[in-house]
Amino acid sequence: MTGRLLDRRTFVTGAGQGIGRAITLAFAREGASVIAASRTEAKLRDLPAQSPAITPLALDVTDASNVARAIADAGPLDALVNCAGWVHDGTILDCSAEDWARSFDQNVTSMFHTIRAALPGMLERHRGSIINVASVASSLTGVPRRAAYGASKAAVIGLTKAIARDIITDGVRCNVLCPGTTLSPSLEARMRATGDMEQARAMFVARQPMGRLGTVEEMAAAAVYLASDESAFMTGNLLVVDGGQTL
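Enquirer: Got a sec to walk through the sheet that holds strand S3 (residues 54-58)? Specific residues and values, please.
Expert: Sheets are built from strands that pair by backbone hydrogen bonding, the pairs being arranged parallel or antiparallel. The strand order across the open sheet built from seven strands is S3-S2-S1-S4-S5-S6-S7, with neighbouring strands paired in parallel fashion. Edge positions in the open sheet fall to S3 and strand S7 (238-241), since each of these has one partner strand only. Across the sheet, the mean angle separating the axes of adjacent strands is 15° when strand polarity is ignored. Sheet analysis places strand S6 (residues 172-179) next to S7, joined by four bridges and oriented parallel. Looking across to S7, one finds that Val176 is bridged to Leu238.

Here's what the structure looks like:
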C-alpha cells in the first residue's frame with residue numbers, strides 16, 4: 001500500500017465484478033474506505049475478507065430514492081466511482097425500445113442519481129473526485145453491435161464534461177475513464193454466448209493494436225490516479241486506456 005487514498009471515503013458502484021471490483025480492491029489497498037455497491041449482493045460477500053476497509057452494499061443504482069438514501073448514509077465522500085452498467089449486444093435493428101431504455105437507465109441515468117446525491121456534500125467541503133466509467137465505444141469510436149451501448153457511453157462523456165464545467169471553481173473534479181476491450185466476467189459471458197469462445201476471443205483481441213485485452217487491474221490503476229491528488233489539475237477529461245484501439 002502506498003497510501004495515495006489514505007483516509008478517503010469512497011463509493012464505488014458496479015463493485016461486484018470486473019472493473020468495479022478491481023477498483024474497489026485497489027482503492028482499499030491505497031488506504032481508502034470503500035462502500036462497494038452492487039445489485040447482486042452475493043457478488044460482494046467475500047470483499048470484507050479481502051479488506052476490512054470495504055463495506056458491501058446491495059443497491060440498485062436505477063432506483064433514485066434508494067441511491068439517495070445510500071449515499072446520505074455513507075456520509076461525506078471524497079470520491080465517487082460510477083462503474084455500474086450493462087452491455088446490449090446488437091445493431092440498432094436488433095435493439096428493442098426496452099433494450100434502449102435499459103441501456104440509458106443503467107449506464108447514464110444511474111450516474112445522474114449518484115452524482116446528484118453525492119455532489120452537494122463534496123461542494124460543501126470543496127473537495128472530491130467523481131469518476132465516470134464510459135468506454136472507447138462511445139463518441140470516441142464506433143464498435144460493431146454496440147449501438148445502444150455506444151450511444152449511452154457517449155452520453156456519459158457529455159454528462160461528465162457538463163458537470164466538470166459547472167463545478168470547475170468549486171474544488172470538485174469530474175473525469176471519465178474510457179477502457180478499451182477488457183477481460184472481465186461480463187466479456188467472458190459474451191464470448192461464451194457466441195458458441196465459439198476462441199473465435200470470439202480472437203475477434204476481441206484484434207481490436208487492440210497491442211494484440212491483447214486490457215486487464216481490470218490496469219483500469220483500476222487509472223481510477224486510483226483519477227481519485228488521487230496526482231490528477232488534481234485534471235477535470236472534464238477522458239483517460240483512455242485502450243491498447244491503441246482508438247489510434
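From this point on, the discussion continues.
Enquirer: Explain the environment of Arg102 to me, using residue names and the numbers behind them.
Expert: Considering the arrangement of structural elements, one finds Arg102 in helix H4 (residues 97-125). Through-space distance from the C-alpha of Arg102 to that of Met219 is 25 Å; in sequence the pair is 117 residues apart. Beyond its immediate stretch of four places on either side in the chain, Arg102 contacts Trp86 and Asn107. Reaching out from Arg102, the side chain makes a polar contact with the side chain of Gln106 at a distance of 2.8 Å.

Enquirer: Outline the packing of helix H6 (residues 185-193) against helix H7 (residues 197-205), listing residues and values.
Expert: Between H6 and H7, whose axes approach to 7 Å, the crossing angle comes to 125°. Taken together, the axis directions place H6 and H7 in an arrangement best described as oblique. In this structure, H6 crosses over H7, and the sense of that crossing is right-handed. Contacts from Leu187, Glu188, Met191 and Arg192 in H6 reach Met197, Ala200, Arg201 and Phe204 in H7. Classifying every residue of the contact of H6 with H7 gives five nonpolar, no polar and three charged.

Enquirer: Hey, could you go over the packing of aromatic side chains for me, with residue numbers and the actual values?
Expert: For the structure shown, the criterion picks out one aromatic pair. Arranged with centres 5.0 Å apart and planes meeting at 40°, the rings of Trp100 and Phe104 form a pair that is tilted. One end of the pair is Trp100 and the other is Phe104, both in helix H4 and four residues apart, which spans about a single turn. On the basis of relative accessible area, Trp100 is assigned to the partly exposed category, the value being 37%. Residue class for Phe104 comes out partly exposed when judged on its relative accessible area of 22%. Over the aromatic face of Trp86 sits the side chain of Arg102, whose NZ or CZ is 3.9 Å from the ring centroid.

Enquirer: Tell me about helix H5 (residues 147-166), residues and numbers included.
Expert: Helical geometry note: an α-helix holds 3.6 residues per turn, so side chains three or four residues apart project in the same direction. Taking 1.5 Å of rise per residue, the 20 residues of H5 would be expected to cover 28 Å, and the 29 Å separating its terminal C-alpha atoms lies within 8% of that figure. Those residues of H5 that fall on the buried side of the exposure criterion are Ala148, Tyr149, Gly150, Ser152, Lys153, Val156, Ile157, Thr160, Ile163 and Ala164.

Enquirer: Which residues make up the nonpolar core, and what values go with them?
Expert: Formed by 31 residues in total, the largest nonpolar core has its most connected members in Ile23, Phe27, Val81 and Leu177. Among the elements of the structure, helix H1 (18-29), strand S2 (33-38), strand S4 (79-82), strand S5 (128-133) and helix H8 (216-227) are those that each provide at least two residues to this core. The element that contributes the greatest number of residues to this core is H8, accounting for eight residues. Each residue touching Phe27, except ones within four places of it in the same chain, is listed here: Leu5, Thr10, Val12, Ala32, Val34, Ala79, Val81, Ile131, Ala223, Val224 and Ala227.

The rules behind each value
Residues numbered from 1 in each chain as written. Predicted model: local features only at pLDDT ≥ 70, side-chain atom pairs only at ≥ 80, totals over all residues. Heavy atoms only, no water. Pairing = 2+ DSSP bridges. Helix = DSSP H or I, 4+ residues; strand = E, 2+ residues; numbered from the N terminus. Axes fitted to C-alpha atoms, helices over the stretch in contact; angles between N-to-C directions. Contact = heavy atoms within 4.5 Å. Polar contact = N/O pair within 3.5 Å; in protein donor to acceptor, adjacent residues only side chain to side chain. Parallel < 35°, antiparallel > 145°, perpendicular 65-115°, else oblique. Left-handed = near helix turned anticlockwise from the far one by under 90°. Nonpolar A, V, L, I, M, F, W, Y, C, P; charged D, E, K, R; others polar. Phe/Tyr/Trp six-rings, centres within 6.5 Å; stacked < 30°, edge-to-face > 60°. Buried < 20%, exposed > 50% of the residue type's maximum accessible area, 1.4 Å probe, protein only. Lys NZ or Arg CZ within 6 Å of the ring centre and 35° of its normal. Expected span 1.5 Å × (residues − 1). Core = buried A, V, L, I, M, F, W, Y, C linked by side-chain atoms within 4.5 Å.

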